[in-house]
Amino acid sequence: DYHGIDQGLLQKMAYDALVWSSLHGLVIGDKSVERSGKVPAVGLVHAPLALLPTPFPESQWRQACELAPLFNKLVDQVSLDGKFLQDSLSRTKKADSFTARLLDIHSKMLEVNKKEEIRLGLHRSDYMLDEQTKSLLQIELNTIASSFAGLSCLVTELHRNLLTHYGELLGLDSKRIPRNTASIQYAEALAKAWQEYDNPRAVLLFVVQPEERNMYDQHLLSTVLRESYHVATIRKTLAEIDQDGELLPDNTLSVDGQAVAVIYFRAGYTPTDYPSESEWRARLLMEQSSAIKCPSISYHLAGTKKIQQELAKPGILERFLENQDDIAKLRECFAGLWSLDDSDIARKAIEWPKLFVMKPQREGGGNNIYGDDVRETLLRLHKERNEEDAAYILMQRIFPLVKNTVLMRGGCSFKDQAISELGIFGAYLRNKDKVIMNDQSGYLMRTKISSSNEGGVAAGFAVLDSIYLT
Ligand code: GSH
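A quick note: this is a predicted structure, and the numbers were derived from the prediction, not measured.

What counts and how
Residues numbered from 1 in each chain as written. Predicted model: local features only at pLDDT ≥ 70, side-chain atom pairs only at ≥ 80, totals over all residues. Helix = DSSP H or I, 4+ residues; strand = E, 2+ residues; numbered from the N terminus. Buried ≥ 20, exposed ≤ 12 C-beta atoms within 10 Å, placed from the backbone. Contact = placed C-beta atoms within 7 Å. Near = placed C-beta within 6 Å. Nonpolar A, V, L, I, M, F, W, Y, C, P; charged D, E, K, R; others polar. Domains from an automatic or database assignment. Axes fitted to C-alpha atoms, helices over the stretch in contact; angles between N-to-C directions. Parallel < 35°, antiparallel > 145°, perpendicular 65-115°, else oblique. Left-handed = near helix turned anticlockwise from the far one by under 90°. Pairing = 2+ DSSP bridges. Core = buried A, V, L, I, M, F, W, Y, C linked by C-beta atoms within 7 Å. pLDDT = per-residue confidence, 0-100.

> Would you take a moment to explain the overall build of the protein chain for this structure?
Secondary structure assignment for the protein chain yields 15 helices and 20 strands. Over its C-alpha atoms, taken along the principal directions, the protein chain stretches across nearly 65 × 55 × 45 Å. The buried share of the protein chain, taken over its 470 residues, is 47%. A sequence separation of at least 24 residues applies to 75% of the contacts in the protein chain between residues at least 6 apart.

> Would you explain the site of the ligand in this entry?
What surrounds the ligand is a group of 22 residues, the closest being Ser147, Arg266, Gly456, Val457 and Ala458. Of the residues in the shell around the ligand, the class split is 8 nonpolar, 9 polar and 5 charged. Counting contributing residues, the shell around the ligand receives three or more from each of domain 1 (2-335 + 398-469) and domain 2 (336-397).

> What exactly am I supposed to notice about the packing of helix H5 (residues 97-111) against helix H10 (residues 277-288) here?
Two elements in contact, H5 and H10, have axes whose closest approach is 11 Å; the angle formed by their N-to-C orientations is 30°. Considering the angle they form, H5 stands roughly parallel to H10. As H5 packs across H10, the resulting crossing turns out to be right-handed. Taking contact as the criterion, the partners of Arg101, Ile105 and Met109 in H5 are, on H10, Trp280, Arg283, Leu284 and Glu287. Here the residues of the contact of H5 with H10 are counted per class, giving 4 nonpolar, no polar and 3 charged.

> Any chance you could explain the sheet that holds strand S13 (residues 337-339) here in plain terms?
The strands that make up a sheet are held in pairs by hydrogen bonds between backbone atoms, and each pair lies either parallel or antiparallel. Within the open sheet, the 3 strands sit side by side as S13-S15-S14. Their pairing is antiparallel. Strand pairing shows two members of the sheet lacking a second neighbour, S13 and strand S14 (356-360), which therefore form its edges. If you compare each strand with its neighbour and ignore which way they point, the axes differ by 30° on average.

> Whenever I open this one, unusual backbone geometry confuses me. Can you help?
Negative phi characterises most residues that are not glycine, and trans characterises most peptide bonds. Cis geometry marks the peptide bond from Cys294 to Pro295, where omega comes out at 5°. Relative to the helices and strands, Pro295 is located in the loop between strand S12 (292-294) and helix H11 (297-302). Phi angles above zero are rare outside glycine, and Ala41 is one such case at about 70°. On the secondary structure map, Ala41 appears in the loop between strand S1 (27-29) and strand S2 (44-46). Under the C-beta neighbour-count criterion, Ala41 is labelled exposed, with 8 such atoms within 10 Å. The backbone phi angle of His230 is positive, close to 55°, even though this residue is not glycine.

> Help me understand the environment of Gly167 in this model?
Take Gly167: it is sitting in helix H6 (residues 149-170). Once residues lying within four places of it in the same chain are set aside, the contact partners of Gly167 are Leu172, Asp173 and Ser174.

> I tried to follow the packing of helix H1 (residues 7-24) against H6 on my own but got confused; where do I start?
Pairs of packed helices are described in terms of their axes, by the angle between the two and the distance that separates them. Closest axis-to-axis distance for the H1/H6 pair is 10 Å, and the angle between their directions is 145°. Crossing angle aside, the handedness with which H1 passes H6 is right-handed. Across the interface between the two elements, Leu9, Met13, Asp16, Ala17, Trp20, Ser21 and His24 from H1 touch Leu154, Leu158, Asn161, Leu162, Tyr166 and Leu169 from H6. The residue makeup of the contact of H1 with H6, split by class, is 9 nonpolar, 3 polar and 1 charged.

> Looking at this structure, I do not really get the nonpolar core. What am I missing?
The nonpolar side chains of a soluble globular protein tend to be buried with one another. Counting residues in each nonpolar core, the largest one holds 115 residues, and the members touching the most others are Tyr186, Leu190, Ala193, Val207, Val262, Ile263 and Tyr264. Apart from the residues lying within four places of it in its own chain, the contact partners of Val262 are Leu120, Leu190, Ala193, Trp194, Tyr197, Leu204, Leu205, Ala291, Ile292 and Cys294. Counting 17 residues, the second largest nonpolar core, distinct from the first, contains Leu337, Ala349, Met358 and Tyr392.

> What is the right way to read the pairing of strand S18 (residues 434-449) from this model?
If a strand is regular, its side chains alternate between the two faces of the sheet. Sheet analysis places strand S17 (residues 412-431) next to S18, joined by 13 bridges and oriented antiparallel. Its bridge partner being in S18, Leu422 is matched across the sheet by Met445. Between S17 and S18, which pair antiparallel and follow one another directly, the connecting turn spans 2 residues, one of which, Lys432, has a positive phi of 50°. Where S18 and strand S19 (residues 462-465) come together, 4 bridges link them in antiparallel fashion. Across the sheet, residue Lys448 finds its bridge partner in S19, namely Ala462.

> Explain the domain arrangement of the protein chain here, please?
By a widespread convention, an interface's size corresponds to the accessible area lost as its parts come together. Assigned domains within the protein chain: domain 1 (2-335 + 398-469) and domain 2 (336-397). If you average the C-alpha positions of domain 1 and of domain 2, the two centres end up 26 Å apart. In this complex, domain 1 contributes 27 residues to the contact, which on the side of domain 2 involves 21 residues. Of all elements in the fold, only helix H4 (90-95) and helix H12 (305-311) reach the threshold of two or more residues within the side of domain 1 that touches domain 2. Looking at the side of domain 1 that touches domain 2 residue by residue, the classes come out as 11 nonpolar, 10 polar and 6 charged.

> In this structure, what is going on with the confidence of the model for the protein chain? I would like to understand it.
Close inspection of predicted coordinates is inappropriate in any region flagged by low pLDDT. Averaged over all residues, the pLDDT of the protein chain equals 95, while 100% of them reach at least 70. Per the prediction output, this complex has pTM 0.97; the corresponding ipTM is 0.98.

> Any chance you could explain the environment of Ser125 here in plain terms?
Within the element layout of this structure, Ser125 appears in strand S5 (residues 118-129). Classification of Ser125 by C-beta neighbours within 10 Å gives buried; the count is 26. Linking Ser125 and Gly303, residues 178 residues apart in sequence, is a C-alpha distance of 10.0 Å. Residue contacts for Ser125: discarding those within four places in its chain leaves Leu67, Ala68, Phe71, Gln138, Leu141, Gly423, Ile424 and Gly426.

> Hey, could you run me through the pairing of strand S15 (residues 392-396) in this one?
Most of S15 is tucked away: 4 of the 5 residues are buried. Of the strand pairs in this sheet, S13 and S15 are connected by 3 bridges, and their pairing is antiparallel. Opposite Leu337, over in S15, you have Met395 as the bridge partner. In the sheet, S14 pairs with S15 via 5 bridges, with the strands oriented antiparallel. Its bridge partner being in S15, Lys359 is matched across the sheet by Ile393.

In structure tokens:
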């Protein structure tokens, strides 16, 4: 319990943490500074962070790490079953125009029998530890724009550094914070994919949002790519790709006259990333190209909430995986997941809305429905009897341990009650039938005030954290 720590000591540590963050690039763009996000090194601020690491049981940590290669493989297998993706999402398509556009691109690729021979997945599976049962339960699996591989390593280093200096006073040992090499491993996966594409002149394309605050997390990866692998990166928005990109006769994607080997999406996961047809044209153009997409449209769809819910149904995992042990391990971390047309569950959720979360098919945080709003929304949807219910899934609400924490944002530290969510990064690379990488690649702990229902750091609700193994 970090609230018991002497005030003077806390202030000293907070000061050191801010200096360390500035010196080591644990920073994001400052939204209050106009040119921030457009020009590097202008308007930056330390990333929101927890001052000290959050305790986490070692066995559940290992369990989460072991699951990463299994999810990597599962996503790959699911992505190969175009009919499963289309059928499972067919009702969602009628209710959700964003998913419908993604499915249209997917159908087009099925029609022309597009083969993605080289497949790169950079996923992050997020978990919470249910306090009562101590079980590790999956919140979601991100298959597009999984953030913070870069900054999470820096938070780990910051916490180890603070414990090296203050650990004795606090009774904590820096070595109990596991090392985190997510940025190196993600850069390695991107570099290896680039090598598989086998065009030494081709570049790696980062697809970015026009206004991005998390650019240093992205630049950490491009820097490793350049320094360790001599791979050049270009950054473009979807609109710029529409303008500056073209397909050459052999399906090479060319942007500003440069061939692109790997397309790494750090945008394109949310409807607001597609304000006009131009952005959708860019998405289709990239999908049609021979470049390696991280993610391809089918990897993107395999990460939707609806597919997560379908995979949790009895007998579905067996269609994609053979090893019974692997299946059992995956199933163990599945929370209760239901579609709204399960009327028994819908009735239960109207009666006890606090035990459920309603989730739309959205990424990036800030979209879920909680508490009494669950009841109201369900009753409204029931009355209206249209297709809108298919836009949502219901998930069991998970109640993690609430703990006193010191959080830091905008240079200030404050104490509050908080809960945490552990993300495990995974990297997967396959060329035809050769699996080149299938690894767990580091972690991201995020902590948020327990009274807030929303989760994302990028969306402004949570802070970056690391774990202290117990
Ligand atoms: N565009 C930003 C970036 O590239 O870092 C944000 C992307 C984003 O929101 N990614 C989601 C995520 O990992 C997954 S789709 N969020 C973690 C968080 O914000 O805490």
